[in-house]
Amino acid sequence: MGSSASKVLSGGSSLRTEWRQMSWDEQTRSSLLDAIKEYQPLSQVCVSEARILLLGPVNVGKSSFFNTINSIFRNHVTAQAPVGSPLDQASITTRLRAYQIRNGRQGKVLNFKIVDTMGLEEERKQGFDPSELSYVLDGHVPENHQFDSKGNVSQEMPGYIKLPKLSNKIHCCVIVLDANSIASMGDGIQTKLADIRGKITSRGIPLIVLLTKIDKACPATAGNVSLVYRSAAIQSLVAQASIKIGVPVSYILPVKNYTHEIELDPWVDVLALSAVQQMLRFTDNYFDECLSNTDTGYIQPEKTAGDLWTKKSSLPEQPPADTNRSLFSPNGNMTGLTRFDTAPKSISSPPPRFPGSSQEDPIDKQVAELLSDEDESTAAREKRIADVPPIPGAVPQEAA
């Protein structure tokens, strides 16, 4: 199960080093599994389960993402959430479904739910209606509510929660996009996503973007998902999604769902679990904000929790012996980097051209500029990406 990331990508250019650091080994997979199993919201927020909402167009892999995470914890490929075919134009999911995940067939229920929704469609009165999102985010809509593309959420509907608690609300949102459709995204979908982003950020709810179907966007990752962060094609798609949606690059996570496999792939698991870990970290940030807005604020407990999630979210009591040379990777393992090392400064070839895009495409031009400056530092590049204006109608990031 050693890393094969040194292979040259076929069907796309390869980077000399990973543009986002990830450890590809069984220890990382086990560490992610153990930490997520032990996740629980801070006791002060009085919420037993985090609620993570999936949003996005039809047929991008929202329900498949839940099935992928469920498969990892069941130790075999599952299909609990119904999914459609690539030819489906309408959403298979029509209800608000809050899925539990158990650690094994008869194991403990984990302390978060993945909430699935009806998919967005290009036409104005088709698919999920963004005007109803506020009711979902604020916890007014009961589980298993049947959506209607014409809109049917109101205070008079059966089961409407008039006085929702924090436990009823959404604590983290995830926009799911097909990596192969970023460049060809229609104006209707883009307008709806702008509306959705505005409603999310205006409430201070954290937002993550998942890019699915990376195995089709970069064929090399179909045979070896661990090559994802060496792929210039995926790097370019992440930068393009950052500009289209209006979020920083670090908020965009490429994943591959289980769609045709019948056995688990450890590298698919690592990528999916790292995405869930980031969602739960963002959820903790949301709960921190909730506490800061209370009269008492955060109160340090008398005894620090001993679970793995808390340990991984805390600085070590004793610093490493050589603090001038050593850095920790996100999963807690020592890396070969030093404080004077930098991330890769450029890709080995220009960003790939996307079907249907012209040489004068302004979005394509911005992506090329984001990735082409060999003298630009990683921090400067991240700042420039964050400074790119979002799609029309979106609420600015700082409004959150």
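The shown structure was predicted, so the numbers you read here are calculated from the model rather than taken from an experiment. (Residues numbered from 1 in each chain as written. Predicted model: local features only at pLDDT ≥ 70, side-chain atom pairs only at ≥ 80, totals over all residues. Heavy atoms only, no water.)

**Q** Sorry if this is basic, but what is going on with the environment of alanine 275 here?
**A** Looking at the element boundaries, alanine 275 is found in helix α8 (residues 266-292). With residues near it in sequence (within four places) discarded, alanine 275 still touches Phe65, Leu210, Leu253 and Val255. (Helix = DSSP H or I, 4+ residues; strand = E, 2+ residues; numbered from the N terminus. Contact = heavy atoms within 4.5 Å.)

**Q** Looking at this model, I keep getting lost on the pairing of strand β1 (residues 50-55). Mind explaining?
**A** The side chains of a regular strand alternate, first on one face of the sheet and then on the other. Counting buried residues in β1 gives six out of six residues, a clear majority hidden from the surface. The alternating pattern of β1 places Ala50, Ile52 and Leu54 on one face and Arg51, Leu53 and Leu55 on the opposite face, and all of these are buried. Here four bridges tie β1 to strand β3 (residues 112-116), and the two strands are oriented parallel to one another. When the sheet's bridge partners are listed, leucine 53 is paired in β3 with valine 115. With four bridges connecting them, β1 and strand β4 (residues 172-178) associate as parallel partners. Bridge pairing in β4 links leucine 54 to valine 174. (Buried < 20%, exposed > 50% of the residue type's maximum accessible area, 1.4 Å probe, protein only. Pairing = 2+ DSSP bridges.)

**Q** Where do I start with the pattern of salt bridges in this structure?
**A** Any two side chains of opposite charge can pair if their charged atoms end up close together. Inspection of the entire model under this criterion finds ten salt bridges. The salt bridge partner of glutamate 26 is arginine 29, with a shortest N-O separation of 3.7 Å. In this pair, glutamate 26 and arginine 29 are both assigned in helix α1 (residues 26-37), three residues apart and thus about one turn of the helix distant. Of the residues examined, glutamate 26 reaches a relative accessible area of 31% and is grouped as partly exposed. (Salt bridge = Lys/Arg side-chain N within 4 Å of Asp/Glu carboxyl O.)

**Q** Would you mind going over the packing of aromatic side chains with me for this structure?
**A** Think of a pair of aromatic rings as described by two things: how far the centres are apart, and how the planes are tilted against each other in angle. On inspection of all chains with the given rule, the structure shows eight aromatic pairs. Geometrically, the ring pair formed by tryptophan 24 and tryptophan 267 is edge-to-face, given 6.2 Å between the ring centres and 80° between the ring planes. Taken together, the positions of tryptophan 24 in the segment before α1 and tryptophan 267 in helix α8 put the pair 243 residues apart, joining distant regions of the chain. The pair formed by tryptophan 24 and tryptophan 267 is uniform in burial state, with each residue classed as buried. Their ring planes at 75° and their centres at 5.2 Å tell us that tyrosine 251 and phenylalanine 282 sit as a pair that is edge-to-face. (Phe/Tyr/Trp six-rings, centres within 6.5 Å; stacked < 30°, edge-to-face > 60°.)

**Q** Explain helix α2 (residues 62-74) here, please?
**A** Across its 13 residues, α2 extends 19 Å between first and last C-alpha, which sits within 8% of the 18 Å expected from 1.5 Å per residue. Counted residue by residue, α2 has 13 buried out of 13 residues, so it is predominantly covered. In the stretch just after α2, asparagine 75 is the one whose phi turns positive, near 70°. (Expected span 1.5 Å × (residues − 1).)

**Q** Help me understand the nonpolar core in this model?
**A** Note that soluble globular proteins tend to have their nonpolar side chains buried in a common cluster. Leu53, Phe112 and Leu211 are the most contacted members of the largest nonpolar core, which has 98 residues in total. Here this core takes 14 residues from α8, the largest share from any one element. Residues within four places of leucine 53 in sequence aside, it is in contact with Leu96, Val115, Thr117, Leu133, Val136, Leu137, Ile170, Cys172, Cys173 and Val174. (Core = buried A, V, L, I, M, F, W, Y, C linked by side-chain atoms within 4.5 Å.)

**Q** Before we go on, may I ask you to explain the sheet that holds strand β2 (residues 97-99) in this structure?
**A** Sheet strands pair by backbone hydrogen bonding; their relative direction is either parallel or antiparallel. Pairing in this open sheet of six strands is mixed, and the strands run β2-β3-β1-β4-β5-β6 from one edge to the other. Of all strands in the sheet, those bounded by a partner on one side alone are β2 and β6 (252-254). The average angle at which neighbouring strand axes cross in this sheet is 25°, direction not considered. Sitting on the sheet, α2 touches β1, β2, β3, β4 and β5 (207-212), and the angle it makes with β3 is about 155°. (Axes fitted to C-alpha atoms, helices over the stretch in contact; angles between N-to-C directions.)

**Q** Looking at this structure, how should I read unusual backbone geometry?
**A** Apart from glycine, the bulk of residues carry a negative phi angle, and the bulk of peptide bonds sit in the trans form. Despite not being glycine, asparagine 75 shows a phi value in the positive range, around 70°. By secondary structure assignment, the location of asparagine 75 is in the loop between α2 and β2. Asparagine 75 sits in the exposed class, given a relative accessible area of 58%. Residues other than glycine seldom take positive phi values, yet lysine 213 does so here, at roughly 60°. Inspection of the secondary structure puts lysine 213 in the loop between β5 and α5 (214-217).

**Q** Just checking my understanding: could you explain the pairing of β4 for this structure?
**A** A large share of β4 lies buried, amounting to seven of its seven residues. Neither face of β4 is left uncovered, since the one carrying Cys172, Val174, Val176 and Asp178 and the one carrying Cys173, Ile175 and Leu177 both have all their residues buried. For β4 and β5, the ladder comprises six bridges, and the chain directions are parallel. By the bridge assignment for β5, isoleucine 175 is matched with valine 209.

**Q** In this structure, what is going on with the environment of threonine 212? I would like to understand it.
**A** The residue threonine 212 is located in strand β5 in this model. When the C-alpha atoms of threonine 212 and lysine 62 are compared, they prove to be 8.9 Å apart, with 150 residues separating the residues in sequence. Apart from the residues within four sequence positions on either side, threonine 212 is in contact with Val60, Val176, Leu177, Asp178, Ala179, Val255 and Asn257.

**Q** What should I look at first to understand α8 in this one?
**A** Along an α-helix, residues three or four apart share an orientation, since each turn contains 3.6 residues. With 27 residues, α8 extends 39 Å from end C-alpha to end C-alpha; this agrees with the ideal 39 Å at 1.5 Å per step. Across the 27 residues that make up α8, a large majority, 20, are buried. The N-cap of α8, judged by a side-chain oxygen 2.8 Å from the amide nitrogen of tryptophan 267 a few residues on, is aspartate 265. (Polar contact = N/O pair within 3.5 Å; in protein donor to acceptor, adjacent residues only side chain to side chain.)

**Q** When you look at the packing of α2 against α8 in this model, what are you seeing that I'm missing?
**A** Axis angle and axis distance: for two packed helices, these are the angle between their axes and the distance between the axes, and together they describe the pair. Look at α2 against α8: their axes get within 10 Å of each other, and the N-to-C directions meet at 110°. Relative to α8, the element α2 is oriented roughly perpendicular. Between α2 and α8, the residues in contact are Phe65, Thr68, Ile69, Ile72 and Phe73 and Val268, Asp269, Ala272, Leu273, Ala275, Val276 and Met279, respectively. Per-class residue counts for the contact of α2 with α8 are ten nonpolar, one polar and one charged. (Parallel < 35°, antiparallel > 145°, perpendicular 65-115°, else oblique. Nonpolar A, V, L, I, M, F, W, Y, C, P; charged D, E, K, R; others polar.)

Everything listed here is a matter of coordinates, which is why it stays silent on function.
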